[in-house]
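If you want the building blocks of each chain, they are given just below.
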Amino acid sequence: MGISRKKIYEEIADLIMQDIKDGVLNPGDQLPSITRMAEHYQVSSASIREALNTLSVMDVIEVKHGQGSYIKERMPLGFEHEFQIITRKDIENLLDLRKIIEVGCAELACSHADEEDLGRMQDALGKMRTAVMNNELGEQADYEFHMAIAQSTGNQMLVDLLGDVSEKMLETMKETRRIWLYEEKKSIQKIFDEHQAIYRAIAEKDSGKATGAMLRHLEEVAMVLLKQHK
């Protein structure tokens, strides 16, 4: 088994994040120019640009066109804990709960969803598509998509139950996206494709395909998150 080595831009991103945690860089601070950072870290300007893009996607810095890059005034959820926002047991419990609720919701949606319900799912997918184009996380649209499926079942108890874990769902979805983007093992496009497959199956009223697509999606989420919480 080979040893995984970080790319140069990932190492630079890690160094900048460590400087933020150590108080060397503070919220609102402007980062040096790309040229100065390249000289400081003795790397290429391209590596600095990639590092800054990674930090921007992770919501750690804000790039203002024509002005430079700035540390966000408010760090993203979990930053101070190296993105380990909830315990492994919390994640296992949450994912088990999501599987039980959401695979069942996908099955019921195939026989209960009407045009209005499908429209809500499409709206959420549209927002996710925009996030893909803008290289953004899109966790709110993700949440809206899953809730739209629950609402389409016509079972308010399922909607309420899913709503009870909504905060943790949002944390988990944001965490998943950061990990996928940062490690380059998954992408926002893949997450979008998984949701689109779920939608198509529900629109076709194919319960077997819908439950399978939902289960595969949640298992992907579980695989990535649990790998980070050993």
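Below you will find a few notes about this structure. (Residues numbered from 1 in each chain as written. Predicted model: local features only at pLDDT ≥ 70, side-chain atom pairs only at ≥ 80, totals over all residues. Heavy atoms only, no water.)

## With respect to the nonpolar core
To keep things clear, this is the line we draw: Here, the term nonpolar core denotes a set of buried Ala, Val, Leu, Ile, Met, Phe, Trp, Tyr and Cys residues that are joined through side-chain atoms within 4.5 Å. Per-residue accessibility, obtained with a 1.4 Å probe over protein chains only, is compared with the maximum for each type, and a residue is labelled buried under 20%, exposed over 50%, and partly exposed between these values. Each helix corresponds to a stretch of at least 4 residues labelled H or I by DSSP, and each strand to a stretch of at least 2 residues labelled E; elements are numbered beginning at the N terminus. Throughout, a residue-residue contact means that at least one pair of heavy atoms, one from each residue, lies within 4.5 Å.
One finds M121, F145, I149, I198, I202 and M214 to be the most contacted residues of the largest nonpolar core, which totals 35 residues. Those elements giving two or more residues to this core turn out to be helix 4 (88-112), helix 5 (115-134), helix 6 (139-152), helix 7 (156-164), helix 9 (188-203) and helix 10 (207-228). Other than its neighbours up to four places away in sequence, I149 contacts C105, A106, A109, M121, I198, I202 and M214. Judged by nonpolar contacts, the second largest core, of 18 residues, contains I12, A38, L55 and I61.

## Topic: the pattern of salt bridges
Note the cut-off: The salt bridge criterion pairs a side-chain nitrogen of Lys or Arg with a carboxyl oxygen of Asp or Glu, the two atoms within 4 Å.
Using the criterion set out here, one finds seven salt bridges in the structure. A salt bridge links E144 to K127, with the nearest nitrogen and oxygen atoms 2.8 Å apart. Taken together, the positions of E144 in helix 6 and K127 in helix 5 put the pair 17 residues apart, joining distant regions of the chain. On the basis of relative accessibility, which here comes to 45%, the residue K127 falls in the partly exposed class. Between E204 and K209 there is a salt bridge, and its shortest N-O distance comes to 3.4 Å. Overall, the relative accessible area of 49% leaves E204 in the partly exposed class.

## Topic: the packing of aromatic side chains
We count it as follows: By convention, a stacked pair of Phe, Tyr or Trp rings (six-membered ring in the case of Trp) has centres within 6.5 Å and planes under 30 degrees apart, an edge-to-face pair has planes over 60 apart, and any other such pair is tilted. Over a ring means this: the NZ of a Lys or the CZ of an Arg is within 6 Å of the ring centre and within 35 degrees of the ring normal.
On inspection of all chains with the given rule, the structure shows zero aromatic pairs. Against the face of Y70 rests K64, its NZ or CZ located 4.6 Å from the ring centre.

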